[in-house]
Amino acid sequence: MRNNRTMISIIQIILIFMMVTGLKNHVIIIPALLHEAGRDAWITVIIVFFPTLIWGFLILYIYKSMKGEHIKDWLESVIGKRVTIFLLVLLGLHFLFIAAVTLKELVLWTNVSYLLKTPILVLIILFIIPSVLVALTNLRTIVIMNFYLLFFVVIFGFFIAFTNMPHKDFTLLRPMLEHGFDPVLKAAIYQGSGMSEMFILLVLQHRFQKKFNFFHFTVIAAILCWLTLGPLIGAIVEFGPAEASIQRYPAFEEWGLARIGIYIEHVDYLSIYQWLAGAIIRISLMIYLCIVLIRPKKKKSRKIIGISSGLLIFLLTIVPIDEHTFFILLKQFFLPLTFWVYFVSSILFGIFSIIKNRKERGKQRVQQA
């Protein structure tokens, strides 16, 4: 019997994705999109939305096959214990890899924007400790914390969008497809990297209070696309496609233009809150997902897994990589890898669902006979 205290509502699921994947779509993938597609990067976001909905049918098919069963139990019933452990370890390592990339991006941005002389090691420690502590609580704590943090993130987001209206020249969005469809299609992998994170729904589905359906999936997909389009179009119409495509943090640069009257300006410190809130929740959830995959029975084991995950993230993050090299790796390796891991995993899970459903139909036929 399920404990209602451990369950989360559909609204809470949507809000979690707004923060966790929203940080990636709103900040991390935008430089890659602009660098690859330039002025037409926003077209890429709209185009990717529709294949995402088609992929959503596969996710929902898997979700229905799982029937609220824990991912570990479900996989073991189809492919056995050994193969299940192998797949879950790979998936868990990928979650930690995502957390490490997020933390590295946060630390590099912090080091070049407002804490220029602070040692990177100190920044990593300051960010990883609260993330581990939050992950060691439970999903409901993460959800509640996310609600309060997200409230102000959204307010600040609308604030910067409307404040910068005088600086926006929407004619800079034309001419469309100046260089054809090739740049638009090549950039699709980056937006797809963000949208594919909805695979995480399958890891958390045993915590859903109510049934998840295609409408809910569409709402999350639409919100994630909107979170990319806002700062992406903002960067193009405020700085121009040429300048925006060479900026490392265009979403942050937009805050530099914000001004209210002649007395209020330099409010870019509000963006620090947005980054920190999104990063802490994102890293915390990734560590929590690793704990979910292993599903330790004792609290001590749970702490060991959480602390070990944090230590691994720490070790991956302290690897000395300069900002330019990191962006190249992000664009050419990290983002495409995330897309392919989730996409291939969804295909495998789809195959497992077919096998599982056939087994169940076979049992029903035997019982009826």
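The structure we're discussing is the one just above.
Right, let's walk through the structure included here.

Rules and cut-offs
Residues numbered from 1 in each chain as written. Predicted model: local features only at pLDDT ≥ 70, side-chain atom pairs only at ≥ 80, totals over all residues. Heavy atoms only, no water. Helix = DSSP H or I, 4+ residues; strand = E, 2+ residues; numbered from the N terminus. Buried < 20%, exposed > 50% of the residue type's maximum accessible area, 1.4 Å probe, protein only. Contact = heavy atoms within 4.5 Å. Areas by Shrake-Rupley, 256 points an atom, 1.4 Å probe, with all protein chains shown as cover. Lys, Arg positive; Asp, Glu negative; His and termini not counted. Charge placed at Lys NZ, Arg CZ, Asp CG, Glu CD. Axes fitted to C-alpha atoms, helices over the stretch in contact; angles between N-to-C directions. Parallel < 35°, antiparallel > 145°, perpendicular 65-115°, else oblique. Left-handed = near helix turned anticlockwise from the far one by under 90°. Nonpolar A, V, L, I, M, F, W, Y, C, P; charged D, E, K, R; others polar. Phe/Tyr/Trp six-rings, centres within 6.5 Å; stacked < 30°, edge-to-face > 60°. Core = buried A, V, L, I, M, F, W, Y, C linked by side-chain atoms within 4.5 Å.

This part covers the overall build of the chain. What the chain contains, in helices and strands, is 16 helices and 2 strands. Considering only C-alpha atoms, the chain reaches an extent of 80 × 45 × 35 Å along its principal axes. Within the span of the chain, comprising 369 residues, buried residues form 53% of the whole. Counted over contacts in the chain with a minimum sequence separation of 6, partners at least 24 positions apart contribute 85%. Carbon together with sulfur atoms contributes 68% to the accessible area of the chain, which is approximately 17,800 Å² in total. The centroid of the 35 positive side-chain charges in the chain is displaced by 21 Å from the centroid of its 19 negative side-chain charges.

Next up on the list: the packing of helix 4 (residues 71-79) against helix 5 (residues 81-113). Two numbers describe how helix 4 lies on helix 5: the axes approach to 7 Å, and their chain directions differ by 135°. Viewed along their axes, helix 4 and helix 5 adopt a mutual orientation that is oblique. Crossing of helix 4 against helix 5: the hand is right-handed. For the pair formed by helix 4 and helix 5, the contact residues are I71, K72, L75, E76 and I79 on the first element and K81, V83, T84, L87 and L88 on the second. Looking at the contact of helix 4 with helix 5, its residues break down into 6 nonpolar, 1 polar and 3 charged.

On to the side chain of T52. Structurally, the position occupied by T52 is in helix 3 (residues 41-66). With relative accessibility at 6%, the residue T52 sits in the buried group.

Our next topic: the environment of L121. Structurally, L121 can be placed in helix 6 (residues 120-135). On the basis of relative accessibility, which here comes to 47%, the residue L121 falls in the partly exposed class. Taking C-alpha positions, L121 is 39 Å from F217, a pair spaced 96 residues apart along the chain. Look past the residues within four positions of L121 in its chain and what remains in contact with it is F314 and I318.

Turning next to the packing of aromatic side chains. Inspection of every chain in the model, using the stated rule, returns 29 aromatic pairs. When the centroid spacing of 5.4 Å and the interplanar angle of 75° are considered together, the rings of F49 and F50 count as edge-to-face. Both rings, one in F57 and one in F214, keep their centres 4.6 Å apart while their planes meet at 15°; by these two values the pair is stacked. Here F57, found in helix 3, pairs with F214, found in helix 11 (residues 214-239); they are 157 residues apart in sequence, far enough to count as distant. Joined through ring pairs, the aromatic side chains of W74, F199, Y342, F349 and F352 make up one cluster.

A word on unusual backbone geometry. If a residue is not glycine, its phi is most likely negative; likewise, a peptide bond is most likely trans. A cis amide bond, omega 5°, links R174 with the succeeding residue P175. At K67, a residue that is not glycine, the phi angle is positive and equals roughly 55°. Within the secondary structure layout, K67 lies in the loop between helix 3 and helix 4. Relative accessible area serves as the criterion here: at 58%, K67 is assigned to the exposed category. Even without being glycine, L177 reaches a positive phi, approximately 55°. Assessed through its relative accessible area of 29%, L177 is described here as partly exposed.

Before going further, it helps to spend a moment on the nonpolar core. Grouped together as the largest cluster of nonpolar side chains are 118 residues, with contacts concentrated most on F95 and M198. Element by element, the count of residues in this core is highest for helix 14 (residues 269-294), at 14 residues. Ignoring any residue separated from it by four or fewer positions in sequence, one finds F95 in contact with I200, V203, M286, L289, C290, L293 and Y342. Within the second largest apolar cluster, 6 residues are counted, among which are F156, I160, W255 and V267.

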